[in-house]
There are 2 protein chains.
Amino acid sequence: MSNNTGLCAKPQRRSIGARRNPATEAAILDAAAALVAEKGARGLTMEAVAKRARAGKATLYKWWPNRGALIVAVYERAKGGYVYEEGGSLIDTVAAFYRHLFSLWARPEGGLFALIIAEAQYDADVAEALEGYRLERLAATTAVIERARARGELAPGVDSRRLAETVVAMAWMRLLTRRFDPAEADDLAHAVVGGWIAAPA
Amino acid sequence: MSNNTGLCAKPQRRSIGARRNPATEAAILDAAAALVAEKGARGLTMEAVAKRARAGKATLYKWWPNRGALIVAVYERAKGGYVYEEGGSLIDTVAAFYRHLFSLWARPEGGLFALIIAEAQYDADVAEALEGYRLERLAATTAVIERARARGELAPGVDSRRLAETVVAMAWMRLLTRRFDPAEADDLAHAVVGGWIAAPA
């Protein structure tokens, strides 16, 4: 690649949009997670995270535009990717999903999600980051329900996205009222989606 | 009624368990509501309310053992009693319930409920007061579903209380994500309970 002067020059790596340095990213998320563990969600400020991670605030803001985005990123890392267990009935899929969530939320790093929902009631940045995360997860859940529909498993007449929302809403209710016993997962899944299972042909 | 000395004496009004002076109660709830409107849920402290209401702290604590109980009382007063509209289908009953809640939550005094749920994630007193309120309302919703069942409206196989919880969970989800358009009430009710409506005989 040559520049205008005709000399060969290495392409300049611009910092905006550049690949994240994984070590720096990990250090920042570690620092953020530690701060949350010590001081709760409210203890997480961009300033404190930068200091703790020994990272520049500019780097932080480049990757997470605000505190809300960062706190959701901490939770997402703790959560890891989740792949729905499909292949059985939709009720089983939803029950497995609840068991996964309930186990996660029982762990200290998982409890952060309740605080994110709480903070979202006060802080527009957290609300926005939560909404982004919520919509992403809702799309995944909706796709699961659409696949169940394609297999002929659902009665007609219910919108897949709305049904997906009922699935997630029950999980949130349980999280926010601290009642997430995995032993209830089957019953909850049944109450939420069981009515929409097609009658056997 | 006479006392031990044989003299007639008016029964002494004991403060514990005595009827509340309605004017004092109203003054306290007014003060609490005003503080919440001005400073949010976090601005409500027993001290500040007592001062604002020109009531004794002892009186406050007698009637509301802690801040959590008081803040829920403020919300309950704003909400008023709600009587489910029964007589049509269960879907219609739930839809009307959602319309009522969504209208309430759109008002400033109604928005308090989201803050109560948020505060409950941090404050054990608020969590306890919220749980008491939640269980009371869940019992009312469960009763509605039981009556629908008694009328033969429900398919068998779903626990009434669990179904009631799915109804409430959707409402909470909508409140906490600031999506409570009354125009959606019918669709939401349909998604939540519609699957459990018995097929026509």
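Residues numbered from 1 in each chain as written. Chains lettered and ligands numbered in written order. Predicted model: local features only at pLDDT ≥ 70, side-chain atom pairs only at ≥ 80, totals over all residues. Heavy atoms only, no water.

- Taking an unreviewed UniProt entry as the reference, chain A is identified by name as TetR family transcriptional regulator belonging to Celeribacter indicus.

1. Topic: the packing of helix H4 (residues 67–79) of chain A against helix H5 (residues 90–106) of chain A
All names here are of chain A.
- Viewed as axis vectors pointing N to C, H4 and H5 meet at an angle of 115°, and their least axial separation amounts to 11 Å. Taken as a pair, H4 and H5 cross one another with a handedness that is right-handed. For the pair formed by H4 and H5, the contact residues are Tyr75, Ala78 and Lys79 on the first element and His100, Leu101, Leu104 and Trp105 on the second.
- Residues of the contact of H4 with H5, tallied by class, amount to 5 nonpolar, 1 polar and 1 charged. (Axes fitted to C-alpha atoms, helices over the stretch in contact; angles between N-to-C directions. Helix = DSSP H or I, 4+ residues; strand = E, 2+ residues; numbered from the N terminus. Left-handed = near helix turned anticlockwise from the far one by under 90°. Contact = heavy atoms within 4.5 Å. Nonpolar A, V, L, I, M, F, W, Y, C, P; charged D, E, K, R; others polar.)

2. Comments concerning the pattern of salt bridges
- Following the criterion strictly, the structure yields 36 salt bridges over all chains and no others.
- For A:Asp123, the salt bridge identified is with A:Arg67, shortest N-O distance 3.0 Å. With A:Asp123 in the loop between helix H6 (112–120) and helix H7 (124–150) and A:Arg67 in helix H4, the pair connects residues that are 56 residues apart, well separated along the chain.
- The exposure class of A:Arg67 is buried, given its relative accessible area of 15%.
- One network of salt bridges, in which partners are shared, links A:Arg42, A:Arg67, A:Glu119, A:Asp123, B:Arg42, B:Arg67, B:Glu119 and B:Asp123. (Salt bridge = Lys/Arg side-chain N within 4 Å of Asp/Glu carboxyl O. Buried < 20%, exposed > 50% of the residue type's maximum accessible area, 1.4 Å probe, protein only.)

3. Topic: the interface of chain A and chain B
- Taken together, the contact between chain A and chain B spans 39 residues of the former and 39 residues of the latter.
- For the pair chain A and chain B, the summed buried surface comes to about 3300 Å²; carbon and sulfur atoms form 57% of the total.
- For the chain A face of the interface with chain B, the top three residues by lost area are A:Gln121, A:Tyr122 and A:Arg162, together amounting to 20%.
- Linking chain A with chain B are 10 salt bridges, by the criterion used here.
- A salt bridge links A:Arg162 to B:Asp187; the shortest N-O distance between them is 3.2 Å.
- Our count for the contact surface shared by chain A and chain B stands at 19 residue pairs in polar contact (both at pLDDT 80 or more).
- Put simply, the parts of the chain that give the side of chain A that touches chain B at least two residues each are H6, H7, helix H8 (160–176) and helix H9 (185–193) of chain A.
- The element that contributes the greatest number of residues to the side of chain A that touches chain B is H8(A), accounting for 12 residues.
- A class-by-class count of the residues in the side of chain A that touches chain B yields 21 nonpolar, 7 polar and 11 charged. (Buried area = accessible area lost by both parts, 1.4 Å probe. Polar contact = N/O pair within 3.5 Å; in protein donor to acceptor, adjacent residues only side chain to side chain.)

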